[in-house]
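# Tertiary structure, described
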Amino acid sequence: MIKRIAALLIVAISLVGVSITGAQSGTKPQIPAELPDLKGREVVAVTAQDYTPLTFVDTKTNKGVGMEIEVWDEICVRLNCKLTWKVAAWDGMIVAINQKQYDVGMDGISITDDRKKQVDFSDPYLGVQQHFLVRADEKDFTDKASFVANKKLKIGAQAGTSGYFTAADILGLKDNETSDRIVFYANFGISVQALLTGDIDAVIADDTAGRGYVGANAGKLKVLDEVLSSDSLGFIFPKGSDLVAPVNAALKSMKDDGFLAYEQNKWFFLYDPNVDVPSAATPAATAAK
């Protein structure tokens, strides 16, 4: 872990250095010629703004922030498109994208075969592992086996999410089978609040969101070590969308030049909700602003 953090810090420092050099030279950074040009096309993007640190509301500014927000800002810099942001609840997002109400959706969405039947996915931009997120003083269980054994323990989830399906699998539920040990909430943030107030005993969070909520609630939450499942996250598009190929090209360029590593380091290691964090500053982003 220490080596990984150090490596990401080196990437972040290198990127910032490149940005400053470009700004001081007075030259306009060039977008790689191999990337498609969307010629200023409007892209309507939707998010639920409820998944720290990927997409959430900054309480100081009341504006949407997070890794997904910054990644898409950068995608449109590289592809020459204009973003229009919309906010909608997660539980209807896949259907809304399927019906072409929006051009792209994001909310820490796991790539699954069932979802691929309704929407198209980008290539993965982040790999995550799911863990139990619990109160910092939790002593009744330490892993999946001890959670299952204690019949009094409850877990919060959102219908249709990977967290719910992981919870159902942990409890051994079959198709359409229910359990009073799973409590449903409208969004992930509300389930975390229920965890903090003691209404439930755990939620299932990927390691990225788990770290975000632990950081935002210092001393109140912790992530258990056991890995419950692994997922890849992607952006969703209407079936047959012509945006998938250019977005994948932009994501590849962002992996190649270290921008995605920079963003991961910023939001998952450096982010502190009590301290203002500067926005991403690649040469392209600097030129756009």
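Residues numbered from 1 in each chain as written. Predicted model: local features only at pLDDT ≥ 70, side-chain atom pairs only at ≥ 80, totals over all residues. Heavy atoms only, no water.

Scored by pLDDT, the protein comes out at a mean of 85, with 83% of its residues at no less than 70. Below pLDDT 50 for its whole length, residues 1–30 participates in 30 contacts with residues either more than four positions away or in separate chains. (pLDDT = per-residue confidence, 0-100. Contact = heavy atoms within 4.5 Å.)

Within soluble globular proteins, side chains that are nonpolar generally end up buried alongside one another. By size, the foremost hydrophobic cluster in this structure holds 33 residues, and its most contacted members are Val71, Trp72, Ile75 and Phe235. Counting residues per element, the ones that place at least two in this core are strand S1 (41–47), helix H2 (67–79), strand S5 (81–87), strand S6 (104–106), strand S8 (126–135), helix H9 (244–256) and helix H10 (259–270). Considering each element in turn, this core owes the most residues, six residues, to H2. Sequence-distant contacts of Val71, defined by excluding residues within four places in its chain, comprise Phe235, Leu251, Met254, Phe259, Leu260 and Glu263. Judged by nonpolar contacts, the second largest core, of 18 residues, contains Ile155, Ile170, Leu173 and Ala202. (Core = buried A, V, L, I, M, F, W, Y, C linked by side-chain atoms within 4.5 Å. Buried < 20%, exposed > 50% of the residue type's maximum accessible area, 1.4 Å probe, protein only. Helix = DSSP H or I, 4+ residues; strand = E, 2+ residues; numbered from the N terminus.)

Sheet architecture is open: three strands sit in the order S2-S3-S4, paired in antiparallel fashion. Only two strands of the sheet have a single partner each, and these edge strands are strand S2 (50–51) and strand S4 (63–65). Strand direction decides the pairing type here: S2 and strand S3 (residues 55–58), joined by two bridges, are antiparallel. Bridge pairing in S3 links Asp50 to Phe56. (Pairing = 2+ DSSP bridges.)

Packing of H2 against H9 leaves a shortest axis separation of 10 Å and a crossing angle of 105 degrees. One way to sum up the angle between H2 and H9 is to call them roughly perpendicular. Within the contact between the two elements, H2 uses Val71, Trp72, Glu74, Ile75, Arg78 and Leu79 and H9 uses Pro246, Val247, Ala250, Leu251, Ser253 and Met254. (Axes fitted to C-alpha atoms, helices over the stretch in contact; angles between N-to-C directions. Parallel < 35°, antiparallel > 145°, perpendicular 65-115°, else oblique.)

Burial analysis of strand S11 (residues 202–206) places five of its five residues in the buried class, which makes it a mostly covered element. The side-chain alternation of S11 yields two buried faces, one formed by Ala202, Ile204 and Asp206 and the other by Val203 and Ala205. Pairing of S8 with S11 involves four bridges; the strand directions are antiparallel. From the neighbouring strand, Gln130 faces S11, where its bridge partner is Asp206. Relative to S11, strand S9 (residues 155–157) is paired through two bridges, and the arrangement is parallel. If you follow Gly156 over to S11, its bridge partner there is Val203.

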